[in-house]
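Breakdown of the fold
If you want the building blocks of each chain, they are given just below.
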Amino acid sequence: MTPDLQRMEWMPSPPLAPIDSPLDLDHLSRMTLGDAELEQEVLAMFAEQAVRLVAAMAAVPAEAGALAHKLKGSARGIGAFAVADAAASLETAIRSGHSRPDAFAALKEAVAEVRAAIEAILKH
């Protein structure tokens with residue numbers, strides 16, 4: 001007897017190869033179901049959240065791991081995979097006690113790049 005199989009809709013995964021932009025706009029479009037207005041709103045919210053979280057990580061280092069984790073999830077949701085990777089690296093550095101200042105600097109740089117890309121998108 002064979003089990004009942006159900007057809008599942010296919011959803012592409014994030015790219016395995018790096019993209020040229022700090023934002024994967026195809027991923028963002030999939031996550032917002034192609035709603036351009038929602039994309040704009042989500043990008044604006046992420047840009048503000050990223051600044052707040054980075055500032056909080058600098059001000060309250062004891063909470064940096066949890067804040068980096070939160071930023072990582074948000075970044076993955078909008079297709080800011082470089083920010084997500086940098087936040088994951090910071091989480092790892094915090095857990096292992098290695099090179100936290102370098103990881104935090106890399107995260108701040110990734111956030112600055114994605115915020116500049118978001119700003120350019122929101123101006124159009």
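Residues numbered from 1 in each chain as written. Predicted model: local features only at pLDDT ≥ 70, side-chain atom pairs only at ≥ 80, totals over all residues. Heavy atoms only, no water.

Looking now at the nonpolar core. Ranked by size, the top nonpolar core spans 31 residues in total, and within it F46, M57, L71, I78, V83 and L107 carry the most contacts. Apart from the residues within four sequence positions on either side, V83 is in contact with F46, L71, A75, L107, A110, V111 and V114. (Core = buried A, V, L, I, M, F, W, Y, C linked by side-chain atoms within 4.5 Å. Buried < 20%, exposed > 50% of the residue type's maximum accessible area, 1.4 Å probe, protein only. Contact = heavy atoms within 4.5 Å.)

Throughout the structure, instances matching the rule amount to two salt bridges. In this structure, E91 engages K72 in a salt bridge whose closest nitrogen and oxygen atoms are separated by 2.7 Å. With E91 in helix α4 (residues 81–96) and K72 in helix α3 (residues 64–78), the pair connects residues that are 19 residues apart, well separated along the chain. On the accessibility criterion, K72 (13% relative accessible area) is buried. A salt bridge links E119 to K123, with the nearest nitrogen and oxygen atoms 3.5 Å apart. Highlighted residues: E119 and K123, both in helix α5 (residues 100–123), separated by four residues, approximately one helical turn. Judged by its relative accessible area of 46%, E119 falls in the partly exposed class. (Salt bridge = Lys/Arg side-chain N within 4 Å of Asp/Glu carboxyl O. Helix = DSSP H or I, 4+ residues; strand = E, 2+ residues; numbered from the N terminus.)

Turning to unusual backbone geometry, a few remarks are in order. Most peptide bonds take the trans configuration, and most residues that are not glycine carry a negative phi. Positive phi, close to 55 degrees, is recorded for L33, a residue that is not glycine. If you trace the backbone, L33 turns up in the loop between α1 (25–31) and α2 (36–59). Residue L33 is classed as exposed on the basis of its relative accessible area of 78%.

Any link to function would need more than the numbers given here.
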